[in-house]
Amino acid sequence: MYSELCIEDRFLLRFWQCERPSELVKLAKVQFKHEPSFNFQEAIRKCLDHPLTKQFPPGTAYLRKLLKEVVLLAESEGSEVTEDIATPYSETLLQPEQDEGWTYKSFCYGDPHVFSQHFWRGRGNSPCPGVQGGSITLRLAQNLFEGSTGCHEWEAGFFLAEYLLNHPDLVKGKRVLELGCGAGLLGVILQRLGVGSACLTDGDDQTLRNCLHNLHINGAEGPAIQVKHMQWEDCHAEPCDILLGADILYDPEPFPVLVPLIGEFVRAGAEIYICTKIRQGATFAAFHQLVQDTGLRAENITCRSRDSLPVQFLECLPLQHQHQELVMHRVCCSAA
Ligand SMILES: C[S@@+](CC[C@H](N)C(=O)[O-])C[C@H]1O[C@@H](n2cnc3c(N)ncnc32)[C@H](O)[C@@H]1O
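It should be emphasised that the depicted structure is a prediction, and the values quoted were computed from it without experimental measurement.

1. Observations concerning unusual backbone geometry
Right, so step 1: Phi is positive for Cys 18, which is not a glycine, with a value near 55°.
Right, so step 2: Residue Cys 18 is classed as buried on the basis of its 23 C-beta neighbours within 10 Å.

2. What about the sheet that holds strand β6 (residues 242-246)?
Right, so step 1: Spatially, β5-β4-β3-β6-β7-β10-β8 is the arrangement adopted by the seven strands of the open sheet, whose pairing is mixed. Pairing within the sheet leaves two strands with one partner each, and these edge strands are β5 (225-229) and β8 (296-300). Ignoring strand direction, the axes of neighbouring strands in this sheet form an average angle of 20°.
Right, so step 2: With four bridges joining them, strand β3 (residues 175-179) and strand β4 (residues 197-202) adopt parallel strand pairing. Each residue of the ladder has a partner; that of Val 176, found in β4, is Ala 198.
Right, so step 3: Relative to β5, helix α10 (residues 205-217) is tilted by about 170°, and along the sheet it contacts β4 and β5.

3. Observations regarding the environment of His 329
Right, so step 1: Checked against the element boundaries, His 329 lands in strand β10 (residues 326-333).
Right, so step 2: What makes His 329 buried here is the crowd of 21 C-beta atoms within 10 Å.
Right, so step 3: Here the alpha-carbon distance between His 329 and Ile 274, two residues 55 residues apart in the chain, equals 5.2 Å.
Right, so step 4: Dropping the residues within four chain positions of it, His 329 is found in contact with Ile 274, Ala 298, Glu 299, Asn 300 and Ile 301.

4. A few points about the site of the ligand
Right, so step 1: Taken together, 24 residues lie near the ligand, and Gly 150, Gly 157, Gly 180, Gly 182 and Gly 203 sit nearest.
Right, so step 2: When grouped by side-chain class, the residues that make up the shell around the ligand number ten nonpolar, nine polar and five charged.

5. Focus on the packing of helix α1 (residues 7-16) against helix α3 (residues 36-49)
Right, so step 1: Look at α1 against α3: their axes get within 9 Å of each other, and the N-to-C directions meet at 55°. Considering the angle they form, α1 stands oblique to α3. The two elements α1 and α3 meet at a crossing, and its hand is right-handed. On α3, the residues touching Glu 8, Phe 11, Leu 12 and Phe 15 of α1 are Ala 43, Lys 46 and Cys 47.
Right, so step 2: The residue inventory of the contact of α1 with α3, partitioned by class, reads five nonpolar, no polar and two charged.

6. Some words on the nonpolar core
Right, so step 1: In terms of nonpolar packing, the biggest core is built from 86 residues, with Leu 160, Val 176, Leu 186, Ile 189, Leu 243 and Ile 272 touching the most fellow members.
Right, so step 2: The element contributing the most residues to this core is helix α8 (residues 155-166), with eight residues.
Right, so step 3: Counting contributing residues, this core receives three or more from each of domain 1 (2-100) and domain 2 (147-333).
Right, so step 4: Excluding residues that lie within four positions of it along the chain, Ile 272 makes contacts with Leu 243, Ile 262, Phe 265, Val 266, Arg 330 and Val 331.

7. Examining the pairing of β6
Right, so step 1: Counted residue by residue, β6 has five buried out of five residues, so it is predominantly covered.
Right, so step 2: In the sheet, β3 pairs with β6 via four bridges, with the strands oriented parallel. Across the sheet, residue Leu 177 finds its bridge partner in β6, namely Leu 243.
Right, so step 3: Sheet analysis places β6 next to strand β7 (residues 271-277), joined by five bridges and oriented parallel. By the bridge assignment, Ile 242 is partnered in β7 with Glu 271.
Right, so step 4: Taken together, β6, helix α11 (residues 255-267) and β7 constitute a β-α-β crossover, and its handedness is right-handed.

8. Notes on the sheet that holds strand β2 (residues 134-141)
Right, so step 1: The three strands lie next to each other as β2-β1-β9, forming an open sheet whose pairing is antiparallel. What marks the edges here is a single partner per strand, and that holds for β2 and β9 (312-313).
Right, so step 2: The sheet contact formed by strand β1 (residues 102-110) and β2 spans eight bridges and is antiparallel. Bridge pairing links Cys 108 to Ser 135 in β2.

Cut-off values and rules
- Residues numbered from 1 in each chain as written.
- Predicted model: local features only at pLDDT ≥ 70, side-chain atom pairs only at ≥ 80, totals over all residues.
- Buried ≥ 20, exposed ≤ 12 C-beta atoms within 10 Å, placed from the backbone.
- Pairing = 2+ DSSP bridges.
- Helix = DSSP H or I, 4+ residues; strand = E, 2+ residues; numbered from the N terminus.
- Axes fitted to C-alpha atoms, helices over the stretch in contact; angles between N-to-C directions.
- Contact = placed C-beta atoms within 7 Å.
- Near = placed C-beta within 6 Å.
- Nonpolar A, V, L, I, M, F, W, Y, C, P; charged D, E, K, R; others polar.
- Parallel < 35°, antiparallel > 145°, perpendicular 65-115°, else oblique.
- Left-handed = near helix turned anticlockwise from the far one by under 90°.
- Core = buried A, V, L, I, M, F, W, Y, C linked by C-beta atoms within 7 Å.
- Domains from an automatic or database assignment.
- Right-handed = clockwise from strand over helix to strand, strands pointing away.

This is the structure:
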C-alpha cells in the first residue's frame, strides 16, 4: 500500500512526523540514485513551503538538525547548497533555544490513492469533503524529559484511532469516555466521526492542557468534547456507551485500581476497547490475571493485516515499526 505514495508524499509525511534526519538522508540516497543531493534539497524545499508546515512548523531543533544533514550531503557530493536550504538553515542557527522541547507533528490518514490530490496542493488541516481522510496536528514533547508520557505520541493510540476510523458506527452518536487521553489524538478522531459526546480524561494536568491545545488547533473543540482530570486511583465509572484506553497498561502498579475501575464500566453497560503495546510479557500477564480474578474477560480482536483497511494512517512511522507488538482487546464480563 505504502509504495503507492509518490516519493514527494513520503518525504512530506515523514517530515511532518519529524522522522530522524539520518533516516531521511538514507531514503534520499535510495530513492534519488541520480543527483541525490539536488533532489533531496528540492524535496525538503517542498516540505518547508507547504501551508501546513508554515502553520504548524516542526521545532527549531529538528529543523536545524535536518537542514544540517541536507547541507552535509550536498557538501559530500561537491554540490551547491541552494538558497531555499541555506537561508532557512542560517535562520535556525540564529533562533533562540527556547521552546526546543516541543514540536508540532502532523499525521495524515485516508486512502493512499487520494493523498496527493488532497494534501500536496495545500488543502491544509481540514478533512477533505466527501473523502474519509484528513490530517491531524499535535503539539508534542520532543523528548521524554518534557511533559508526562501523555505529551508524546504512542503507537497504540494510532492503532486504536485507525480501528475507530474503520468502524465509525462504533462511536457515531455515542457517549464515549477515554482513560489516559494523552495528547488528544482520539479526541480529534471522535469529533470528526460524529461522536455524541466524548469525555477525554487523564490524571496529568500538563497533559490535559496540551490536549486542550491540540483539540483547539484541529478545530475539535465544542460542547460535545469535554476534557477532564480523572485519576484512576480515586474515581468511579461514569455513564457512557464506549470506554477507550490506548497504551494505559505499561505500568502494573495501578492495575489493582484500574482493573476494578474497568469492571465498574463493564457492569454499568459500557463496551470497552483497550489497545496496548506489549513491552513486557509479565506486565501483560499480570493484567490478564487480574482481569480474570475480577470476573472479566479480555477478548483479543487485533486485526493483523493493515493492508486491507480502507482508511489508514499514511506512512505512519509508529505503526510501521511497531505493528506486530500491538494488541487490541474488548473487555467484557466473563459470563458474556
Ligand atoms: C502512554 S500514555 C498514552 C496516551 C494516549 N492514550 C496515547 O495513546 O497517545 C499514558 C497516559 O495515561 C495517563 N495515566 C497514567 N497513569 C494514570 C493514572 N493513574 N490516572 C490517570 N491517568 C493516568 C498518563 O498521564 C498518560 O497520558
